[in-house]
Structure formats: structure tokens, C-alpha cells
Amino acid sequence: MVGLKEELLKSIWHAFTALDLDRSGKVLSHNLCTVLNVPHDPVALEEHFRDDDEGPVSNQGYMPYLNKFILEKVQGNFDKVEFNRMCWTLCAKKNLSKSPLLISDEDAFKVWVIFNFLSEDKYPLIIVPEEIEYLLKKITEAMGAGWQQEQFDHYKIALNTSREGLSAWELIDLIGSGQFSKGMDRQTVSMAINEVFNELILDVLKQGYMLKKGHKRKNWMERWFVLKPNVISYYVSEDLKDKKGDIILDGNCCVEALPDKDGKKCLFLIKCLDKTFEISASDKKKKQEWIQAIQSTVSLLRAGNPPPHKEARQKRKELRQKLLAEQEELERQMKELQAANENKQKELETVRKQLEAAAARAAEEEKKRLQTQVELQDRFSLELEREKMVRQQMEEQVAQKSSELEQYLQRVRELEEMYKQLQEALEDERQARQDEETVRKLQARLLEEETAKRAELEKWHLQQQQTIQMTEAEKQELENQRMMKEQALQVAMEQLKQLELERKEALEQYEEVKKKLETAANNTKSWKDKVAHHEGLIRLIEPGSKNPHLITNWGPAAFTEAELEERQRSWKGKKATSE
């Protein structure tokens, strides 16, 4: 029921956005109730559309009324085509292109309905390039033309550079422009659109003329059969105006091929719980196609699976969602790696600035050390000169100035202390150089970590490339499976031709035996005439056959009953082998 609601909402969205709800909301609601077979609720309608803050332009809007009083009451017993045509009527005049198109308004309506079926489940509605390619391929195959993949690839590239997909009206303009149907007349394009519409929207799996045997009169009448996921309907003609009946399909139904009888060929039987239907196809190919189509439909009913085109659409959506999720995950990981890289760059920049500051401080300290050393050397030189002068004076006045000797010794001790301070300054210089070497090693380690992160980024890039290659391999595997199925079909056709040749050989053998029998009969009759002529009244008495004469397609008494049974067993064995 949720899927039905989503399908209805897409068509209603087009009509909703094309109308001015202050003036036409009541009209839309009334028409929806009519085509969806929902009971009208005039009180709720007037209550919702009264002219105050609770109306359609209020915070509540139109969707609560639509869900509560219309969509939740839909039971599915309505004409989908009539519903879509009503919504189309409300929105087409405003949105349909004024430029002339190669398709009629009816074809444009069908393209619009197909768009609602294939579009994404988000608003505003668009159809993505993958679904556009799927639709154009279906229309091209229905026209019997070749698909121009290169032309569509150029169109897809131009489309992806500007937007994510097309709106319904842009899709109608694309198909109506004839860009992908050049060389085809309007009638061929219209028939192709109708065929795709029948398959995707009306769930028509197969249709065509066949003969049906009546249940009461037992006469054969030509009918137009339409196969849908749970029923086979038959009509007087393909205009579908005069419906004669339905064959309800379920998991208990089965279809069997029948041998030709009563002058009817290509027979098969459809067995249901209450009735059995005998049908005659126009040829063996049509017979086999109908049997396979009905068997596939019954298999889907037993498994509870949707029709093939709906299941394929769901698989395409799931694949797109999976690829989108993978792409988003890769983008997230790339952003995380980029953020981590930026953080590392910032850390490296901070360390670099710290190193530069440390180097500047070391240079300043070195400058101060050198300046101090020069000052000390100057002071030391001056002191030495002074000491020499004092020593000379002391030598001259040694006996007289002992006090000056003590002063001299005190000065020497001061000089020794200054020498120790000089040694400590040199030790501080050596320690500063060791700190500088430690900072350089830290910088080298950070550079190695940056190299490792770059290698990790390259690894993620290679994994992304491998994922793309795996997707290509899956496409190649699907193509190989399709080629194997085509080869199996070719083998079946060759076996059918071989059976036809064997049947012709059997007919030729029958003709030869028949001629031999006629020759033998003529010889016997001639001999009887001669005996009667010479012997007079003598008459030959021959034993008569006690078995009843067998009448077959090869003539009366052509085979005994044992021979006929042997041929029937041989024919059934060949038929089972070919199937």
C-alpha cells in the first residue's frame, strides 16, 4: 500500500504544483475523490479550505488533508489511467512546451506517466541519466532500430555537467524532438511509446491474437489475449472495447502443450482450479512464446515476486543507492584524510616555527656568549697587564710592601674564579648544541610520518580504482550470461529444425511404402483376373482382417496398432528431448 501511495503522490504533485490552491484546491480534491473512488467528505473539505489561518496556506498545508481524507482511504479499485489523465489535464497546459513536437498529446501523456514510474522518490521529481537510457533503449528496441550508445554518452556527459537529471517536461521535449529516433515516422514512434507504456504502466507482459475453444459450444473463436501478472484477459479485438472473459492465474495454474487434433495446430492447455482452457496459436514459435510467458508469470506468483520490469527498476534503484553510499563513504574518508593531513601540516608548521624560534634564541645566546668571551678576554688581558705592572712594583718593593703581596694573591684567586665561570659558559654552549640536535631529530620523525600518511592516501586511491574495475567485471559477467542464453536458444532452434527434417524423411518413407503397396495390389488384381479367365468359376478365397481398420493422417490401414503405438512413443521421446 505504501508503494501505491508513492505512485499516486507523484502524479498528484504535478497537479498540485500547477494549481493555485486558494482558488483550485477544492477542484483538485473533488476530482481526486471521484477518480480514486473515495467517498466525498464535504464537511472536512470546507473546513480545510475556509479562509483563515487553518486553510491550505497555513503551517499545516495541504498534505495532512490529502493523506487523512483521500490517500488513506484508497483501496486500489480505481482506473489508474483515468487517474493519471486527470492529473495530466490539470498540469499539462501550464507546463507542456509550446514548440511543435514529433509526438502527439496522447504520446506525451504516456511519456509523462512513464516518467512518474521511473523517477526518483524525492521532490522536485527528476529522472536520472541511467533511467533515461533505459527508457530510450526500450523505445528504440520497440521501433526495431539500433541503439546509439555513443550518441547517448555524449548527451549524458553534457547533462551531468549541468544537473542531476531531467524533469517530466524536459523528458517529453527530448523524446518529442526526435534526437534519438531519427529516420522514424510519427506512427512508428507512437507505436513504440504505446508498447513501452503497456509493459511498464499497464503491466502487459504479452499480447496477441489466438484461437480459443468454447466451453459450451466447443467452437473455436479468434480472440485478442492480454497477459498480465495475475490474469489473462481476452477480447473480441485489440481495441480492448469488448471484453469476453478472464483467466485468473495463481500458483496452482499450469500450462501444457497439446498434440494437433480436430484440424487445429499449435495447441496448448491452461489448467486452473475451476476451468481448463484450450488455445491454438498461429505458429509453433508463438505457441512456445506464450507457454514460456505464462509459465514465467505463474512462477513469479508462486514466489511472490513483482513483475520483471518492476523488479528490475527496484534493483536499479538499489544499485544506484549502493554506489551513492560507497561514493559518499569514499568522500567522507577522503575528507577525513585531508583533514588529518591539514592537521599534520599545521603541526609541522608549528614545529617549524618553534625550531626557527629556538634557532633564533640559540643565535642570540651565541652572540651574547661571544660578546661575553671577548669582554672576558679583554678584561683578562687588562688584568694580566696590570698584574705585570703590580709584579714589577712588588719586586721592587717586596720587602717594604707585604700588604700589596696579599692583594696580589687575592686578585689571583679572583682570576681563577673567573676562569671557572668561563668553563661553565662553554658547558652551557655545548648543552645548547645538543638541544638543537634533538629538535632536528624530531623534525625528521615528523617528516617520516607525513611520508607514511601520503602512502596511505595512495593505498586508498588504489582501492577505489580496484572497486571501479570490479564493477566493470560484473558488467562483463552479465554480458557473458546473456551470450550463453542466446547460444542455448540457437541450439533449441537447431534441434527444432532437425525434428522437421526427420518428419519430412518419415513422410517420404511413407510415400515409398504406399507406392510399393499400390504396385503389389495391382499385381495381385492382374493375377486374379488371369485365373478367373482361365479357370472359369474358380474363385480365390482370402482371409479377411479381424482387426478394425486404423485411420491416420497417412491414410486408412497404413499401420497396425502396434506400429502406430511405436511411432507415437518415438515422437513423444523426440519432443521431450527438444524441450
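Residues numbered from 1 in each chain as written. Predicted model: local features only at pLDDT ≥ 70, side-chain atom pairs only at ≥ 80, totals over all residues. Heavy atoms only, no water.

## Looking at the overall build of the protein chain
Phase 1: The number of helices and strands found in the protein chain is 14 helices and nine strands.
Phase 2: Per-residue burial for the protein chain yields a buried fraction of 29% across its 579 residues.
Phase 3: Of the contacts made within the protein chain by residues no fewer than 6 positions apart, 60% connect residues no fewer than 24 positions apart.
Phase 4: Element-wise, carbon and sulfur atoms account for 52% of the exposed surface of the protein chain, whose accessible area totals about 39800 Å². (Helix = DSSP H or I, 4+ residues; strand = E, 2+ residues; numbered from the N terminus. Buried < 20%, exposed > 50% of the residue type's maximum accessible area, 1.4 Å probe, protein only. Contact = heavy atoms within 4.5 Å. Areas by Shrake-Rupley, 256 points an atom, 1.4 Å probe, with all protein chains shown as cover.)

## Details of a negative patch on the surface
Phase 1: A cluster of acidic side chains, namely Glu 364, Glu 365, Glu 417, Glu 424 and Asp 428, defines a negative patch on the protein surface.
Phase 2: Elements represented by at least two residues in the negative patch include exactly α12 (308-396) and α13 (402-535).
Phase 3: At three residues, α13 tops the list of elements feeding residues into the negative patch.
Phase 4: Considering the arrangement of structural elements, one finds Glu 424 in helix α13.
Phase 5: The exposure class of Glu 424 is exposed, given its relative accessible area of 52%. (Patch = residues over 30% accessible without salt bridge, like charges linked within 9 Å, V, L, I, M, F, W, Y side chains within 5 Å. Salt bridge = Lys/Arg side-chain N within 4 Å of Asp/Glu carboxyl O. Lys, Arg positive; Asp, Glu negative; His and termini not counted. Charge placed at Lys NZ, Arg CZ, Asp CG, Glu CD.)

## With respect to unusual backbone geometry
Phase 1: Residue Pro 124 is reached from Tyr 123 by a cis peptide bond, and omega for that bond is 0 degrees.
Phase 2: Counting through the fold element by element, Pro 124 comes out in the loop between α6 (105-118) and α7 (129-143).

## As for the pairing of strand β3 (residues 231-235)
Phase 1: Burial analysis of β3 places five of its five residues in the buried class, the great majority of the element.
Phase 2: In this structure, strand β2 (residues 220-228) lies alongside β3, joined through five bridges in antiparallel fashion. What sits directly across from Val 226, in β3, is Ser 233.
Phase 3: Examined bridge by bridge, β3 and strand β4 (residues 243-248) share five bridges and lie antiparallel to one another. In the strand pairing of β4, Tyr 235 is matched with Lys 243. (Pairing = 2+ DSSP bridges.)

## Brief notes about the pairing of strand β6 (residues 267-271)
Within a regular beta strand, the side chains point alternately toward one face of the sheet and then the other, so they alternate between its two faces.
Phase 1: With four of its five residues buried, β6 lies for the most part within the structure.
Phase 2: Relative to β6, strand β5 (residues 254-258) runs antiparallel, the two being bridged by five bridges. Looking across to β6, one finds that Cys 254 is bridged to Lys 271.
Phase 3: Examined bridge by bridge, β6 and strand β7 (residues 276-280) share five bridges and lie antiparallel to one another. Residue Lys 271 lies in a different strand from β7, and its bridge partner there is Thr 276.
Phase 4: Between β6 and the antiparallel strand that follows it, β7, lie four residues.

## Looking at helix α9 (residues 168-176)
Phase 1: Taking burial as the measure, the nine residues of α9 include seven buried ones, the bulk of the element.
Phase 2: Of the residues making up α9, those classed as buried are Ala 168, Trp 169, Leu 171, Ile 172, Leu 174, Ile 175 and Gly 176.

## Notes on the packing of α6 against α9
Phase 1: Running from N to C, α6 and α9 cross one another at 130 degrees; their axes reach a closest spacing of 9 Å. Between α6 and α9, the interaxial angle falls into the category oblique. With respect to the hand of their crossing, α6 and α9 are arranged in right-handed fashion. Contact residues: Ala 108, Val 111, Trp 112 and Phe 115 in α6; Ala 168, Trp 169, Leu 171, Ile 172 and Ile 175 in α9. (Axes fitted to C-alpha atoms, helices over the stretch in contact; angles between N-to-C directions. Parallel < 35°, antiparallel > 145°, perpendicular 65-115°, else oblique. Left-handed = near helix turned anticlockwise from the far one by under 90°.)

## Focus on the pattern of salt bridges
Phase 1: Within the structure shown, the criterion is met by 31 salt bridges.
Phase 2: Taking the shortest distance from any N to any O, the salt bridge between Lys 122 and Glu 164 comes out at 3.7 Å. Of this pair, Lys 122 sits in the loop between α6 and α7 while Glu 164 sits in the loop between α8 (149-160) and α9, and the two are 42 residues apart along the sequence.
Phase 3: The class for Glu 164 is exposed, based on a relative accessible area of 55%.
Phase 4: Between Lys 243 and Asp 246 there is a salt bridge whose closest N-O contact spans 3.0 Å.
Phase 5: Classification of Lys 243 as partly exposed rests on a relative accessible area of 43%.
Phase 6: A relative accessible area of 33% means that Asp 246 is categorised as partly exposed.
Phase 7: The network of salt bridges with common partners includes Glu 120, Glu 131, Arg 316 and Arg 320.

## Regarding the packing of aromatic side chains
When we look at a pair of aromatic rings, we describe it by the centre distance and by the angle of the planes.
Phase 1: Taken as a whole, this structure holds 14 aromatic pairs when the rule is applied.
Phase 2: Considering the side-chain rings of Trp 88 and Phe 109, the 6.0 Å spacing of their centres and the 65 degrees angle between planes classify their relative orientation as edge-to-face. Separated by 21 residues along the polypeptide, Trp 88 in helix α5 (residues 80-95) and Phe 109 in helix α6 bring together distant segments of the chain. Phe 109 matches Trp 88 in its accessibility class, with the two residues each being buried.
Phase 3: On the basis of an interplanar angle of 20 degrees and a centroid distance of 6.3 Å, the ring pair of Trp 147 and Phe 180 is categorised as stacked. Of this pair, Trp 147 sits in the loop between α7 and α8 while Phe 180 sits in the loop between α9 and α10 (186-200), and the two are 33 residues apart along the sequence. (Phe/Tyr/Trp six-rings, centres within 6.5 Å; stacked < 30°, edge-to-face > 60°.)

## A look at the nonpolar core
Phase 1: Grouped together as the largest cluster of nonpolar side chains are 64 residues, with contacts concentrated most on Leu 8, Leu 32, Leu 36, Phe 83, Trp 88, Trp 112 and Ile 172.
Phase 2: At nine residues, the largest contribution of residues to this core is made by α6.
Phase 3: If we ignore the near neighbours within four places in the chain, the residues touching Phe 83 are Leu 8, Ser 11, Ile 12, Leu 32, Val 35, Leu 36 and Phe 78.
Phase 4: Membership of the second largest hydrophobic core comes to 21 residues, among which are Leu 249, Ala 281, Trp 290 and Ala 293. (Core = buried A, V, L, I, M, F, W, Y, C linked by side-chain atoms within 4.5 Å.)

## Things to note about α6
Phase 1: Its 14 residues place the ends of α6 20 Å apart at the C-alpha level, agreeing with the 20 Å of an ideal helix rising 1.5 Å per residue.
Phase 2: Burial analysis of α6 places 12 of its 14 residues in the buried class, the great majority of the element.
Phase 3: Of the positions making up α6, those classed as buried are Asp 107, Ala 108, Phe 109, Lys 110, Val 111, Trp 112, Val 113, Ile 114, Phe 115, Asn 116, Phe 117 and Leu 118. (Expected span 1.5 Å × (residues − 1).)

Taken by themselves, the reported measurements are silent on function.
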